[in-house]
Amino acid sequence: MKIALMDSGTGLLPAAAAVRRLRPDADLVLSTDPDGLPWGPRTPDDVTAHALAVARAAAALRPDALIVACNTASVHALPALRAALEPDIPVVGTVPAIKPAAAGGGPVAIWATPATTGSPYQQDLIARFAQGVEVTGVPCPGLADAVEQADDAAIDAAVAAAAQLTPRDIRAVVLGCTHYELVAERIRAALQQPGTPPLVLHGSAEAVAAQALRRIGAEPAPAAAPTGTLDVLLSGRPGSLPDEVLAYEEGRLLTGAVPAAPRTV
């Protein structure tokens, strides 16, 4: 079994780690775009072009499924990716977990990139899944970039700025960018109010990992032997994960994977 994941950078780590935990025996392909990141400020057509290039690089290694572990790429490029790869390779997109957050009642905050906050895409999800629930969109400028660089000071500053924009009475937070899941506990610490119930954070990694397994008819087997290999593609070139990933538990988990066997060209 081989599962590929794609993102501009380290935002794919949470979903990749979730797959690794569910199936330690699954081979992983991590396809990133260090030459083109960040994708957030790019036009939709430009995002689609970069996403297609990254996806095709992953597809060349013949995975059983591809996870688009990026909210921006899922918003702009998912139809093009599915048209290019399916039905040969099932494509699983990432959608902000607004539906389960709203199901728990409000108020709810959605932390996302400035481009996503207030976008028609996010507004449509709120209208479809959060009717009657108080929802606040919180733009988080600089947070994804800070996480990508594992810059602690910049992460703390971006989290603090977004926390100032977040209502104090929220009960749940949707992490609307895959990068944010890497610093979920820092976000929780910035938002948790004394004497209130524990804040619920809603990410997408576990759900997309489980969906990828369902799409290929595989069951979770967390007790399987940890024989899964790891391939890393950097803008289409074979490489390795950057040292910055070691700042995160998910990155440390993945770098402990069994090395992939050499490929013939």
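Residues numbered from 1 in each chain as written. Predicted model: local features only at pLDDT ≥ 70, side-chain atom pairs only at ≥ 80, totals over all residues. Heavy atoms only, no water.

**A look at helix α9 (residues 205-215)**
Part 1: Those residues of α9 that sit buried are Ala205, Val208, Ala209, Ala212 and Leu213. The buried residues of α9 occupy an angular sector of 140 degrees when projected down its axis, which confines them to one face.
Part 2: For α9, the elements touching its buried residues are α1 (13-22), β3 (65-68) and β4 (91-92).
Part 3: Of the residues trailing α9, glycine 217 is marked for its positive phi of about 70 degrees. (Buried < 20%, exposed > 50% of the residue type's maximum accessible area, 1.4 Å probe, protein only. Helix = DSSP H or I, 4+ residues; strand = E, 2+ residues; numbered from the N terminus. Arc of directions from axis to C-beta. Contact = heavy atoms within 4.5 Å.)

**Section: the domain arrangement of the protein**
Part 1: What the domain assignment lists for the protein is domain 1 (2-94 + 205-255) and domain 2 (98-202).
Part 2: Taken residue by residue, the interface counts 20 residues in domain 1 and 16 residues in domain 2.
Part 3: Here domain 1 packs against domain 2, burying approximately 1400 Å² in sum over the two surfaces, 57% of which is carbon and sulfur.
Part 4: Where domain 1 meets domain 2, there are 0 salt bridges.
Part 5: Sorting the residues of the side of domain 1 that touches domain 2 by element identifies α1 and α3 (71-85) as the ones contributing at least two each.
Part 6: Counted by class, the side of domain 1 that touches domain 2 contains 10 nonpolar, 7 polar and 3 charged residues. (Domains from an automatic or database assignment. Buried area = accessible area lost by both parts, 1.4 Å probe. Salt bridge = Lys/Arg side-chain N within 4 Å of Asp/Glu carboxyl O. Nonpolar A, V, L, I, M, F, W, Y, C, P; charged D, E, K, R; others polar.)

**Overview of empty space enclosed by the protein**
A probe matching the size of a water molecule, rolled over the atoms, marks out where space remains unfilled.
Part 1: Going through the model one piece at a time under the given rule, you end up with 1 cavity of 30 Å³ or more.
Part 2: Quantified by volume, the largest cavity comes out at close to 40 Å³.
Part 3: In the lining of the largest cavity, the residues fall into 4 nonpolar, 4 polar and 1 charged. (1 Å grid on protein atoms, 1.4 Å probe; cavity = no way out; pocket = protein on both sides within 12 Å on 5 of 7 lines; lining within 4 Å. Points joined across faces, edges and corners; volume = space filled by probe spheres on them.)

**Regarding the environment of valine 54**
Part 1: For valine 54, the position within the fold is in helix α2 (residues 44-59).
Part 2: A sequence separation of 46 residues divides valine 54 from serine 8, and the C-alpha atoms of the two residues are 8.4 Å apart.
Part 3: Contacts of valine 54, omitting those with residues within four sequence positions, involve Met6, Ser31, Thr32, Asp33 and Trp39.

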